[in-house]
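Summary of structural features
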Amino acid sequence: MRKLMIPVLVVALSIMLMSLFVIPEGERGIVIRFGRVLKDNNEIARIYEPGLHFKMPMFDSVKTLDARIQTMDGRSDRFVTSEKKDVIIDTYVKWRIKDFGQYYLATGGGNTLTAETLLERKVTDLLRSEIGSREIKQIVSGPRNKDVLPPADNIDSVATTEAAKEALEIDGERDVIMANVLNGSRQSAMDDLGVEIVDFRMKKINLPDNISDSIYKRMRAERESVARKFRSQGREKAEVIRAQAELEVATTLAEADRTARVTRGEADAQSAKIYSDAYSKDPEFFSFLRSLKAYEKSFSNKNDILVLDPNSEFFQYMNNAKGAPAK
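All values reported here derive from a predicted model rather than from experimental measurement.

Section: the environment of tyrosine 104
Examined against the element boundaries, tyrosine 104 turns out to sit in helix H2 (residues 100-106). Taking the C-alpha atoms as reference points, tyrosine 104 and leucine 193, separated by 89 residues in sequence, lie 8.4 Å from one another. Those residues within four positions of tyrosine 104 in sequence are excluded, and the remaining contacts are Ile30, Ile32, Val37, Lys63, Gly109 and Gly110.

Side note on the sheet that holds strand S3 (residues 36-37)
Read across the open sheet, the 3 strands follow the order S3-S2-S5; overall the sheet is antiparallel. Of all strands in the sheet, those with a lone pairing partner are S3 and strand S5 (60-66), marking the two edges. Both strand S2 (residues 27-33) and S3 contribute to a ladder of 2 bridges, which runs antiparallel. Residue arginine 33 lies in a different strand from S3, and its bridge partner there is arginine 36.

Observations concerning the pattern of salt bridges
Counted according to the given criterion, the structure contains 19 salt bridges. Put simply, lysine 203 and aspartate 73 hold a salt bridge, and the shortest N to O gap is 2.9 Å. Taken together, the residues span a long stretch of sequence, with lysine 203 in strand S9 (residues 195-206) and aspartate 73 in strand S6 (residues 70-73) at a distance of 130 residues. Accessibility expressed as a relative area gives 47% for lysine 203, which makes it partly exposed. Relative accessible area serves as the criterion here: at 53%, aspartate 73 is assigned to the exposed category. Residues glutamate 130 and arginine 134 are paired through a salt bridge, measuring 2.7 Å at the closest nitrogen-oxygen approach. You can call arginine 134 buried: its relative accessible area is 10%. One network of salt bridges, in which partners are shared, links Arg96, Lys98 and Glu196.

Some details on the packing of helix H7 (residues 209-281) against helix H8 (residues 283-298)
Contact pair H7 / H8: the axes reach a minimum separation of 5 Å and the direction vectors enclose 120°. In this view, H7 runs oblique relative to H8, as classed from their interaxial angle. For the pair H7 and H8, contact is made by Tyr275, Tyr279, Ser280 and Lys281 and by Pro283, Phe286 and Lys293, respectively. Of the residues belonging to the contact of H7 with H8, the class tally is 4 nonpolar, 1 polar and 2 charged.

Some thoughts on the nonpolar core
Across soluble globular proteins, nonpolar side chains show a tendency to be buried alongside one another. Val93, Trp95, Leu119, Leu127, Ile131 and Phe200 are the most contacted members of the largest nonpolar core, which has 35 residues in total. Elements represented by at least two residues in this core include exactly S2, strand S8 (86-97), H2, helix H3 (112-132), helix H4 (136-140), helix H6 (174-193), S9 and H7. If one sorts the elements of this core by residue count, H6 sits on top with 6 residues. Shared between two domains, this core takes at least three residues from each, and those domains are domain 1 (2-66) and domain 2 (69-151 + 161-207). Counting residues in hydrophobic clusters, the runner-up holds 5 residues, among them Phe21, Ile23, Leu38 and Tyr48.

Calculation rules
Residue positions within a chain follow its written sequence, with the count starting from 1. Since the coordinates come from a predicted model, pLDDT governs what is reported: local features require at least 70, and pairs of side-chain atoms require 80 or more to be given and counted, while whole-chain, interface and lining totals use all residues. Excluded from the side-chain calculation are hydrogens and water; included are all heavy atoms of the structure. Numbering goes from the N terminus for both helices and strands, where a helix is a DSSP run of H or I of at least four residues and a strand is a run of E of at least two. Contact criterion: two residues are considered in contact whenever any of their non-hydrogen atoms come within 4.5 Å of each other. Two strands pair if DSSP finds at least two bridges between them. Just to be clear on terms, a salt bridge is a Lys or Arg side-chain nitrogen sitting within 4 Å of an Asp or Glu carboxyl oxygen. The cut-offs for exposure are 20% and 50% of the maximum accessible area for each residue type, with area from a 1.4 Å probe on protein chains only; residues under the lower value are buried, those over the upper are exposed, and the others partly exposed. To get an axis, a line is fitted to the C-alpha atoms, and for a helix only the part in contact is used. The angle between two axes follows their N-to-C directions and goes from 0 to 180 degrees. Here roughly perpendicular refers to angles of 65 to 115 degrees, roughly parallel to angles under 35, roughly antiparallel to angles over 145, and oblique to all remaining angles. In the scheme used here, Gly and all other residues not listed as nonpolar or charged are polar, with Ala, Val, Leu, Ile, Met, Phe, Trp, Tyr, Cys and Pro taken as nonpolar and Asp, Glu, Lys and Arg as charged. The definition of a nonpolar core used throughout is a set of buried Ala, Val, Leu, Ile, Met, Phe, Trp, Tyr and Cys residues joined through side-chain atoms within 4.5 Å. Throughout the structure description, domain borders are defined by an automatic or database domain assignment.

In structure tokens:
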């Protein structure tokens, strides 16, 4: 009897060990019974959380699936823009399993490579549609920063705002493209694969080597055209400022000359009035002072020659101390 109990205990222990299974942290488990996913009463795949669980030995097998967010680095692919130009885009997708039963069936037993292949196909098709409806400058540019633009009423105030006005017309749609691809593929991935797409990004956009040079030359020509336009506007503005400055200088000088003439005229009139008032008070003394000034100016230079009649009125104060005319 004792000999029989040992094999029984070994078999019982083996069955018990075969009935136990452990789901590691960060993973989820589903049980496959007779080739079908074990479901609960609501006909939904039964998901086993991390920890110790039981299953039917010999009949059940456990498939563990990664429940963490996974990253799919897409290979570089060539896309055609609305301008019929090629661009090479590198992308990546963040995804995780949401419906483990659906995922297991859709990927042929939870094959990650199959899941990423199907997921990449969905994302690439949507991205190809988005790229095909936009130009290169819209694809490579993000949304404009409205905070750095001048107010609308001052948009023409300075020449440098021309670049800002041009930026208003070229509003990049890179973020819009990524959002459209994310939203467009999210529901399809959930329905077909049972996975949730958490994020989608374009991490690098390149031009093929055979068209890079032509693109750069065109961009350089466009920038040179804008630079010539700015220089022309600057020269025009400089001519306007210079003409206004010359006009202001001429106006200021004319106004100053007019003021000087008026002031000088008023001063001459006031001086004449003073002389007139002084002459009217003592005509004889005034005549004497005038004669002295005339003598001073006439005899200031020894080389001067003055031919006059000694008995003329000019010498009246030299011939007669009282100033009476000589006879």
